[in-house]
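Single-letter residue listing:
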Amino acid sequence: MRKVIGIGETVLDIIFKDDQPIGAVPGGSVFNGVISLGRAGVDATFISETGNDRVGRKIVDFLRQNGVNADNVNIYPDSKSPISLAFLDEGNNAEYIFYKDHPHDQLDFVYPDVKQDDVVMFGSFYAVNPVIRPQVVAFLEYARSRGAILYYDVNFRASHRPDLIRVTPNILENLELADVVRGSSEDFEVMFRKTDPNAVYRSEVAFYCRNFICTQGSGPVAVRGEGGFAKDYAVEPTDTVSTIGAGDNFNAGFVYGLLSQGITGADIRAGLAPAQWDALVGSAQLFAANCCRTIANYIDDAFGRQMREAPGRRQANPSTDKTI
């Protein structure tokens, strides 16, 4: 059975509304997506690091409680776990302040088993951080050599604009390694000073990766794919409690769609059919919309159960192509 491996940061998100705390949940860009996949019944593993404190122990326990393998989360004995303050505005969009006290940043882990057509999710500053870049890129290259599908969410926030020049080579290398690239219009404004999806794709991404997704908040999702595929997908209005994790869960829904439809790396390289893109984006939007309806950073348990029990759900196994 195929599995998903996420590599990224862990953090405790403390959420504020009207300058008052209203919740605290484990988070992190790839972490949020992996939790949702675990809730949806996907075989998922997470690679990360955290501190040896109450927050770190909560994060590791939370992964396991949601069906995610946490054996590759390294716990540093002399570190405090990162904290994020997320302030929701009138539209329930978040502004962040991050606090991190990690003197190590060594990312010491044993590689999990990676098989043909497993999916590796990576992204945010964690995927380009020069301090841990050697370990991250070595794992990505290993996963690619094993035939995994690499899904890259650039997730490059404005707070890292001063770092852009020194990490640009790492961004370009990630684009080249990836089979699918997703980012928001805000990410691309920070990285390339462009927000038009066509301009970003033609001038910045297509040379490295042919499969590109640009989300634009409540605006349409722009998809450009191998073989000249181009389509914009409308976003259905939803009652939003919090947008925290919306993009992360879009990623989770897309990856869930890859598995449930049995789409392989060879399929992606050959060029997906319009109906496959439609189903993948539809799945991604369902996950994102469900996340936005709660204060948490992931799909809720009821939606996860619905995904686990979805009729006809299948994963293509290179040897058995069995239904699960």
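Keep in mind the model is a prediction, meaning the values are calculated, not measured.

Novice: Hey, could you run me through the layout of surface pockets in this one?
Specialist: Rolled over the atoms, a probe as big as a water molecule pinpoints where empty space is left. The space that makes up the second largest pocket amounts to roughly 160 Å³. Of the residues that constitute the lining of the second largest pocket, the class distribution is 6 nonpolar, 1 polar and 6 charged.

Novice: Would you explain the sheet that holds strand 10 (residues 180-184) in this entry?
Specialist: By way of backbone hydrogen bonds, the strands of a sheet pair with one another, either parallel or antiparallel. Within the open sheet, the 9 strands sit side by side as 5-4-1-8-9-10-11-12-13. Their pairing is mixed. Only two strands of the sheet have a single neighbouring strand rather than two, namely strand 5 (68-76) and strand 13 (229-233). Across the sheet, the mean angle separating the axes of adjacent strands is 15° when strand polarity is ignored. Sheet topology note: the strand 1 (residues 4-7)/strand 4 (residues 44-51) ladder contains 4 bridges and is parallel. Bridged to Ile 7 within strand 4 is Ile 47. Strands in contact with helix 2 (residues 54-65) are strand 4 and strand 5; relative to strand 5, the strand with the most contacts, it is inclined by about 165°. Helix-sheet contacts for helix 9 (residues 274-292) involve strand 11 (212-216), strand 12 (219-225) and strand 13, and the interaxial angle to strand 13 is about 35°.

Novice: Looking at this structure, how should I read helix 3 (residues 133-145)?
Specialist: Note that an α-helix has 3.6 residues per turn; residues three or four places apart therefore point the same way. Relative to the 18 Å expected for 13 residues at 1.5 Å per residue, helix 3 spans 18 Å between its end C-alpha atoms, a close match to the ideal helical length. Every buried residue of helix 3 is accounted for by Arg 133, Val 136, Val 137, Phe 139, Leu 140 and Ala 143. Each buried residue of helix 3 lies within a common arc of 160° when the element is viewed along its axis, so the set occupies one face. Seen from the buried face of helix 3, the exposed residues on the opposite side, beyond 90 degrees, are Pro 134 and Ser 145.

Novice: Please clarify how the pairing of strand 5 should be interpreted in this entry.
Specialist: Remark: a regular strand shows side chains that alternate across the two faces of the sheet. Relative to strand 5, strand 4 is paired through 7 bridges, and the arrangement is parallel. Bridging from a neighbouring strand, Gly 51 pairs with Tyr 76 of strand 5. In this fold, strand 4 hands off to helix 2, which returns the chain to strand 5; that crossover is right-handed.

Analysis parameters
- Each chain carries its own residue numbering, running from 1 in the direction its sequence is written.
- Under the rules for a predicted model, residues below a pLDDT of 70 receive no local features and side-chain atom pairs below 80 are neither given nor counted, while totals for whole chains, interfaces and linings still include all residues.
- In computing side-chain values, all of the structure's heavy atoms are included and hydrogens and water are not.
- Cavity means a closed set of points on a 1 Å grid over the protein atoms alone, one where a 1.4 Å probe fits but cannot get out, pocket means an open set with protein on both sides within 12 Å along at least 5 of 7 lines, and lining means a residue has an atom within 4 Å of a point.
- Grid points are joined across faces, edges and corners, and a volume is the space filled by probe spheres set on the points.
- Following the grouping adopted for this structure description, the nonpolar residues are Ala, Val, Leu, Ile, Met, Phe, Trp, Tyr, Cys and Pro, the charged ones are Asp, Glu, Lys and Arg, and the polar ones are all others, Gly among them.
- Strand pairing is assigned whenever DSSP detects at least two bridges linking the two strands.
- Labels follow the DSSP assignment, with helices taken as runs of H or I lasting at least four residues and strands as runs of E lasting at least two, numbered in each case from the N terminus.
- Note on definitions: angles span 0 to 180 degrees between N-to-C directions of axes, and those axes are lines fitted to C-alpha atoms, for helices only across the stretch in contact.
- Should any heavy atoms of two residues lie within 4.5 Å, those residues are considered in contact.
- Here the expected span of a helix is defined as 1.5 Å times the quantity of residues minus one.
- Three exposure classes are used, based on accessible area relative to the maximum for each residue type with a 1.4 Å probe and protein chains only: buried under 20%, partly exposed in between, and exposed over 50%.
- It is the directions from the helix axis to the C-beta atoms that the arc portrays.
- We call a crossover right-handed when, viewed with both strands directed away from the observer, the connection leading from the first strand over the helix to the second proceeds clockwise.

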